[in-house]
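# Coordinate inspection notes
Listed below, chain by chain, are the residues.
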Amino acid sequence: MLRIPDRFYWVLPLGAWTLLILLSLGLALYQSQNAAFATARQQGRDIFHMIEAMRLWNSRAGGVFVRQSEMTPPNKYLELPERDPVTTSGIALTTINPAYMTRQMAGVIESESGILIHITSLRPINPGNVADPWEVQALQAFEKGDEKERSEILHSSRKPLIRYMAPLFVRKECLECHQKQNYSVGDVRGGISVSIPATDFVARLDASRRQLVITHVGVWALVALMLTIYLRQYRVQWTSLKTLTATLEDRVRERTAKLEEETAAHRASELEARQHHQRFLDLVNTTDGIVWEADARTFVFAFVSRKAESLLGYPVEDWQTPGFWVAHLHPEDREWAPEYCASCTGRLEPHRFEYRFMAKDGRVVWLEDIVTVVAENGEPKLLRGLMVDITARREAELEVRHLTQRLTLATRAAHIGIWEYEPHSGKVVWDSTMHELFGLSPDEFSGRFDDVLALVLPEDVPHLTKLIDETLRTGSDFVTTFRILRHGTEIHHIDAQAVLVPGNGHQPVRMIGVNRDVTERKRNEQELLRLATTDVLTGCYNRGYLQRMLELEIDRARRHGDELSLLMYDLDRFKSINDTWGHGVGDAVLAHGAAVVRDTIRRTDTLARWGGEEFMVLCPHTSTTDAKVLGERVQQALREHPTPPAGVVTASIGVVTLRPTDDPDTLLKRADDLMYRAKQSGRDRVCCDADEA
């Protein structure tokens with residue numbers, strides 16, 4: 001019998017696997033939760049910064065005037081001496097300060113998108129700005145300096161919300177409206193909270209969590225099943241081996257004792273006793289299975305171990321019936337199996353073969369028969385062997401074949417090629433998808449590493465070979481992207497990943513990896529980059545790209561002591577063109593003018609549309625004098641290239657050069673001022689820093 005601990009052979013491996021899966025699931029859920037909160041916080045932060053930028057613009061402008069209406073009545077909480085002026089034509093205006101503009105924008109945003117924006121304070125002037133309990137807690141934390149921002153996903157009774165709040169600090173421009181509240185510059189005077197409907201967001205988060213749980217449960221169940229089957233089969237075979245060994249040892253002891261008793265009276269049977277002893281020694285030396293002995297000519301069994309009854313269900317006596325073995329073979333094996341055994345027996349060759357046997361209960365059992373031929377006077381006399389149940393192994397092999405087929409189908413569907421590389425021989429093995437990726441038939445590929453490198457673009461070869469050498473040396477994973485030339489003309493981008501398969505002595509003997517054609521993805525990435533940095537109408541760079549380039553060029557110029565100039569120009573009387581000829585002609589003027597300027601400036605200069613009919617030209621390594629000459633060339637080019645039917649369109653240009661005290665904002669402000677000075681001086685002019693001096 002098994003010992004009590006042996007009955008729980010499955011607890012430790014299954015417990016360890018379950019613990020590993022639980023740890024993986026916990027980590028995945030934790031990371032998913034953190035990512036969701038980070039996304040929600042960033043969404044609220046972006047909206048807050050947009051509102052804060054609008055408020056800063058308003059405060060720097062000293063407020064804006066709008067026509068009084070039901071939507072924009074005078075702000076009774078704003079105490080300014082000229083709050084509600086009247087134009088010379090009798091139109092009543094009112095002042096919109098940052099807080100009033102925030103409330104107006106909040107109403108529009110809420111009606112259009114459902115996003116709630118609330119400006120509030122612990123000491124509000126307007127009762128409508130009173131903070132709710134959540135906002136009060138946030139404001140108190142801001143004033144104490146405990147937090148710089150606050151964000152949460154709240155699950156209310158109606159619907160979930162993403163709530164975000166950040167403080168508003170007192171600036172110098174704010175004191176005009178808030179001086180009665182005794183604020184100082186830098187104080188927290190309040191905050192802006194953003195409430196975003198999060199129903200879809202929470203649903204996607206819950207779906208992601210469910211998917212993680214389902215995936216982990218599926219992986220756990222699959223591996224647990226395979227592990228249980230393996231452990232059970234191992235336990236059964238080990239138990240059977242012990243039983244067979246004990247049975248054989250008992251038979252040997254019984255037969256040996258009987259022979260020793262008969263030796264004195266039956267010397268003539270000594271040879272037979274030795275034969276019996278040798279027969280049972282052979283049986284003891286075999287492994288788990290049905291031990292048997294049969295006549296070499298008739299296949300009639302003289303001995304079959306008791307394992308035959310437990311494995312196949314037939315009593316031992318049935319096996320001694322002539323023709324029993326052949327009659328119970330599977331119909332598909334009934335012809336070839338006896339012929340094969342008889343052929344090997346005639347040549348006195350030990351042999352082993354696999355066939356199917358029909359059990360008494362109707363089961364089909366796969367057996368591996370290991371046969372030894374006993375000869376006498378050069379002729380076969382007896383067959384001795386061991387029948388081993390290999391049904392589980394054959395089923396496992398069938399499952400492996402099925403898994404291999406599914407893997408092949410999956411890689412083909414995803415257009416993923418699988419390869420193997422032997423560094424010591426330079427041999428490379430490809431699957432069919434790899435031949436498709438590289439545009440070669442199996443006959444055209446010789447299977448050498450040098451032939452693969454010949455297909456890679458020359459400029460990518462050093463990096464690729466260096467990375468392979470590093471992987472072979474350090475054992476790190478191989479991950480890279482390179483380009484190949486298909487059919488001699490087509491450039492394709494290939495993603496490659498590989499791992500090392502160690503050999504004897506834990507030395508890497510080969511690499512196994514996958515390749516995938518990502519050419520289309522690369523094209524999409526390049527197109528997205530172009531769309532993100534280019535103005536659609538004119539084809540030149542957009543405002544965001546110029547702002548980034550301006551910051552980089554200012555840093556570079558100061559680091560290297562170079563000069564940097566900036567041209568800002570505005571097309572003259574552009575509104576009149578739109579009013580006279582329509583926006584279609586206006587768009588044509590903008591596109592044509594941008595093309596003319598792009599052909600006029602240098603390759604090192606950057607042309608960008610700043611907004612409307614305003615454009616910028618960033619000129620590295622350019623002095624004020626050279627920048628002014630470039631501006632005059634731009635003016636001349638525009639005069640020489642009219643746009644039908646609008647005709648000649650001139651431009652007013654402001655030229656500035658970087659000063660030690662400049663930052664991007666001050667440089668742009670000076671360029672804008674000079675451009676408007678050019679307009680006020682009669683248009684079609686260039687005004688620059690040198691003119692001021």
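Residues numbered from 1 in each chain as written. Predicted model: local features only at pLDDT ≥ 70, side-chain atom pairs only at ≥ 80, totals over all residues. Heavy atoms only, no water.

The helix and strand tally for the chain stands at 21 helices and 21 strands. The proportion of buried residues among the 693 residues of the chain is 39%. Partitioning the intrachain contacts of the chain with sequence separation of at least 6 by distance along the chain shows that 57% fall at a separation of at least 24. If you sum the accessible surface of the chain, you get close to 40,000 Å²; carbon and sulfur atoms cover 56% of it. (Helix = DSSP H or I, 4+ residues; strand = E, 2+ residues; numbered from the N terminus. Buried < 20%, exposed > 50% of the residue type's maximum accessible area, 1.4 Å probe, protein only. Contact = heavy atoms within 4.5 Å. Areas by Shrake-Rupley, 256 points an atom, 1.4 Å probe, with all protein chains shown as cover.)

Scanning the model with the defined rule gives four cavities of 30 Å³ or more in all. Lining the second largest cavity we find 15 residues, and of these Trp419, Phe449, Val452, Ile468 and Asn515 sit closest to its centre. Listed by contribution, the elements that provide at least two residues to the lining of the second largest cavity are strand 12 (416-422), strand 13 (427-430), helix 12 (432-438), helix 13 (449-455), helix 14 (461-474), strand 14 (478-486) and strand 16 (508-517). Tallied by class, the residues present in the lining of the second largest cavity amount to 14 nonpolar, one polar and no charged. (1 Å grid on protein atoms, 1.4 Å probe; cavity = no way out; pocket = protein on both sides within 12 Å on 5 of 7 lines; lining within 4 Å. Points joined across faces, edges and corners; volume = space filled by probe spheres on them. Nonpolar A, V, L, I, M, F, W, Y, C, P; charged D, E, K, R; others polar.)

The next subject is the pairing of strand 17 (residues 564-571). Here strand 17 lies mainly inside the structure; eight of its eight residues are buried. What you see with strand 17 is no split at all: Leu564, Leu566, Met568 and Asp570 on one side and Ser565, Leu567, Tyr569 and Leu571 on the other are buried throughout. As paired elements, strand 17 and strand 20 (residues 651-657) share seven bridges and run antiparallel to each other. Bridging across to strand 20, Ser565 finds its partner in Thr657. (Pairing = 2+ DSSP bridges.)

Let us look at the sheet that holds strand 4 (residues 150-155). Strand-to-strand pairing in sheets goes through backbone hydrogen bonds, with the strands running parallel or antiparallel. Taken together, the four strands give an open sheet; going across it, the order is 3-6-5-4, and neighbouring strands pair in antiparallel fashion. Here the strands that pair on one side only, and so sit at the sheet edges, are strand 3 (116-120) and strand 4. Ignoring which end each strand starts from, the neighbouring axes of this sheet average 20° apart. Both strand 3 and strand 6 (residues 188-197) contribute to a ladder of five bridges, which runs antiparallel. Within the sheet, the bridge partner assigned to His118 lies in strand 6 and is Ser193. On the sheet, helix 3 (residues 133-144) packs against strand 3, strand 4, strand 5 (160-169) and strand 6 and is oriented at approximately 35° with respect to strand 5. (Axes fitted to C-alpha atoms, helices over the stretch in contact; angles between N-to-C directions.)

Our next topic: the packing of helix 17 (residues 574-581) against helix 18 (residues 583-600). How two helices pack is summed up by the angle between their axes together with the distance between the axes. Where helix 17 meets helix 18, the closest approach of the two axes is 7 Å, and the angle between their N-to-C directions is 140°. One way to sum up the angle between helix 17 and helix 18 is to call them oblique. Contacts from Phe574, Ile577, Asn578 and Trp581 in helix 17 reach His583, Val585, Gly586, Val589 and Leu590 in helix 18. Tallied by class, residues from the contact of helix 17 with helix 18 come to six nonpolar, three polar and no charged. (Parallel < 35°, antiparallel > 145°, perpendicular 65-115°, else oblique.)

With that settled, the discussion passes to the UniProt feature "transmembrane region" (unreviewed entry) in the chain. With numbering matched to this structure, UniProt assigns "transmembrane region" (unreviewed entry) to residues 212-231. Between the first and last C-alpha atoms of residues 212-231 the distance is 28 Å; the span itself is 100% helix and 0% strand. (UniProt positions renumbered as here; feature names shortened; annotations may be inferred.)

A word on the side chain of Thr643. By secondary structure assignment, the location of Thr643 is in the loop between helix 19 (624-640) and strand 20. By relative accessible area, which is 8% here, Thr643 ends up buried. Residues in contact with Thr643, not counting those within four places in the same chain, are Ala588, Val589 and His592.

On to a negative patch on the surface. A contiguous patch of negative charge on the surface is contributed by Glu551, Asp555, Asp663 and Asp665. Locating Asp665 in the fold gives a position in helix 20 (residues 664-680). Take Asp665: its relative accessible area is 57%, and that puts it in the exposed class. (Patch = residues over 30% accessible without salt bridge, like charges linked within 9 Å, V, L, I, M, F, W, Y side chains within 5 Å. Salt bridge = Lys/Arg side-chain N within 4 Å of Asp/Glu carboxyl O. Lys, Arg positive; Asp, Glu negative; His and termini not counted. Charge placed at Lys NZ, Arg CZ, Asp CG, Glu CD.)

All told, the structure shown has 38 salt bridges when counted by the stated rule. Residue Arg45 pairs with Glu149 through a salt bridge whose shortest N-O separation is 2.5 Å. Taken together, the positions of Arg45 in helix 1 (residues 11-60) and Glu149 in the loop between helix 3 and strand 4 put the pair 104 residues apart, joining distant regions of the chain. Of the residues examined, Glu149 reaches a relative accessible area of 25% and is grouped as partly exposed. Between Glu354 and Arg394 there is a salt bridge, and its shortest N-O distance comes to 2.7 Å. Of this pair, Glu354 sits in strand 9 (residues 351-358) while Arg394 sits in helix 11 (residues 391-413); the two residues are 40 residues apart in sequence, bridging distant segments of the chain. The exposure class assigned to Glu354 is partly exposed, which follows from its relative accessible area of 26%. It is possible to trace a salt-bridge network through shared partners that takes in Arg352, Glu354, Glu368, Arg393, Arg394 and Glu397.

The next point concerns unusual backbone geometry. Only a minority of non-glycine residues have a phi that is not negative, and only a minority of peptide bonds are not trans. Pro644 connects to Pro645 through a cis peptide bond whose omega is -5°. Mapped onto the elements of the fold, Pro645 is located in the loop between helix 19 and strand 20. Located in the positive-phi region is Arg683, a residue other than glycine, with phi close to 65°. Here Arg683 lies in the loop between helix 20 and strand 21 (686-688).

Taking 1.5 Å per residue, twelve residues should reach 16 Å; helix 3 reaches 17 Å between its end C-alpha atoms and fits that length. Among all positions of helix 3, only Trp134, Glu135, Ala138, Leu139, Ala141 and Phe142 are buried. Projected down its long axis, helix 3 shows its buried positions confined to an angular sector of 160°, all on one face. Turned more than 90 degrees from where helix 3 packs its buried face, Pro133 and Lys144 sit exposed. Structurally, helix 3 contributes buried residues whose contacts are with strand 3, strand 4, strand 5 and strand 6. With a side-chain oxygen lying 3.1 Å from the backbone nitrogen of Trp134, the N-terminal cap of helix 3 falls on Asp132. (Expected span 1.5 Å × (residues − 1). Arc of directions from axis to C-beta. Polar contact = N/O pair within 3.5 Å; in protein donor to acceptor, adjacent residues only side chain to side chain.)

Take the packing of helix 1 against helix 2 (residues 98-113) next. For the pair helix 1 and helix 2, the least separation of the axes is 9 Å and the interaxial angle reads 140°. When the axes of helix 1 and helix 2 are compared, the crossing they make is right-handed. Residues Met50, Ile51, Met54, Arg55, Trp57, Asn58 and Ser59 of helix 1 form the contact with helix 2, whose participating residues are Pro98, Ala99, Met101, Thr102, Met105 and Ile109. (Left-handed = near helix turned anticlockwise from the far one by under 90°.)

This part takes up the layout of surface pockets. Here the largest pocket is characterised by a volume of approximately 600 Å³. Together, 18 residues line the largest pocket, and Ile229, Tyr230, Ala392, Glu395 and Ala396 are the ones closest to its centre. Of all elements in the fold, only helix 5 (199-263), strand 11 (379-389) and helix 11 reach the threshold of two or more residues within the lining of the largest pocket. Grouping the amino acids of the lining of the largest pocket by side-chain chemistry returns eleven nonpolar, two polar and five charged.

Taken together, five strands build an open sheet; the order of strands is 8-7-11-10-9 and the sheet is antiparallel. Either end of the sheet is taken by a strand with one partner, and the two such strands are strand 8 (301-304) and strand 9. Between one strand and the next, the sheet's axes are offset by a mean angle of 25°, whatever the strand orientation. Together, strand 9, strand 10 (364-376) and strand 11 form the strand contacts of helix 10 (residues 336-346), whose direction differs from that of strand 9 by roughly 155°.

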